Amino acid sequence: DDGSYWNLHRSTVLLRPSPTPSTSSSSSDLIVSGCTASTIYALRGFANSTVSRCADTVVVAGPTRGVLRVVDCDRCTVVAAARRIVMTNCLETTVLCYTPRPPVWVGDNRSCKFGPHNVAYEGLREQLEEAGLMEGGSYGPNMWNAAVDIDRNFGQHGAPGSPKGEEDIVPFSTITVPPPEFNVRPLPVAPTAEYRLTLSPSPRNALSSPSGRPPNDENTHSNGRNNGSPASSSSAAPGPANIYTHILAGLPYKLPPDYHASVHARLSRVASIRSKIAASGLSGADLARLEHEIDVGFKGWLVGRGEVQTITDLMHS
């Protein structure tokens, strides 16, 4: 539970949020190094974070007060909010993030992608406040899609030994996660009843500009408990669609409209299928047969994605 994870293989780790975020809880560093085919949920605040020499690994980290470094990683996914993000020599790695400064690419990064932050859990907003990444529910523009490639732009602005300031480096057109491939991510942390009551989904939606970038005339944004999720009751029967609806409602940072619309479309499709099944008039035996087929298909999907071990680990954590 010290935030250091070394050389894990086919493992799942869950570091739960602290009950009461404090300065001391964000004074240690997160280090994930040499891990393969693993999933790490480190839901605490950290001073600085490093994910290095990992492959086929998912890291979901709590807020980082300083710098998040992703180094020498292959086919990894990192979810985090950090004041600064630096990616170095990575392959097919995706970073889903909130950061008030343009992410920096250094070295040879290939087929890497950036996307907006996509997780929510009880206590996250308090952690973000403690890390200085949110103040009173307000925050600066999310620069996830304005990364700069230091090596590519360095030659355009100055010779080695006389680097220009960050403001002189022209952002390059980063490879971003396409909206149809984006989704919010459920976490293996059960919310309390009190937290669920704060999630009041509503059709209203105050989002960032259609381009996904913050409007030029706005320096700050404010986001309450509502993030424009589909209308439904937070007390409705539990289920996959409700889980995703609650995540949308709890996201601390607003999604760009096209990303929000993509998630909303998925939820609408699920709701439509459930309505059709409910109205089908299937007998109890037919419903049981349908449920069995869906169960078999879902287990096959889990095996195909390599998620069986993750779920098994979480059940025993």
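Higher on the page you've got the structure.
The text that follows walks through the structure, step by step, so that each part is easy to find. Not measured: the values here are computed from a predicted model.

What counts and what doesn't
- Residues numbered from 1 in each chain as written.
- Predicted model: local features only at pLDDT ≥ 70, side-chain atom pairs only at ≥ 80, totals over all residues.
- Heavy atoms only, no water.
- Salt bridge = Lys/Arg side-chain N within 4 Å of Asp/Glu carboxyl O.
- Helix = DSSP H or I, 4+ residues; strand = E, 2+ residues; numbered from the N terminus.
- Buried < 20%, exposed > 50% of the residue type's maximum accessible area, 1.4 Å probe, protein only.
- Pairing = 2+ DSSP bridges.

A word on the pattern of salt bridges
Consideration 1: One pass over the structure, following the stated rule, counts five salt bridges.
Consideration 2: Between Arg75 and Asp56 there is a salt bridge, and its shortest N-O distance comes to 2.8 Å. With Arg75 in the loop between strand 7 (64–71) and strand 8 (77–88) and Asp56 in the loop between strand 5 (49–52) and strand 6 (58–61), the pair connects residues that are 19 residues apart, well separated along the chain.
Consideration 3: For Asp108, the salt bridge identified is with Arg110, shortest N-O distance 3.0 Å.

Here we look at the pairing of strand 8
Consideration 1: The buried count for strand 8 comes to eleven of twelve residues, which makes it a mostly enclosed element.
Consideration 2: When strand 6 meets strand 8, the two strands line up parallel, connected through three bridges. Counted as the bridge partner of Val59 is Val78 from strand 8.
Consideration 3: Pairing of strand 7 with strand 8 involves six bridges; the strand directions are parallel. Each bridged residue has a counterpart across the sheet, and for Leu68 the counterpart in strand 8 is Ile85.

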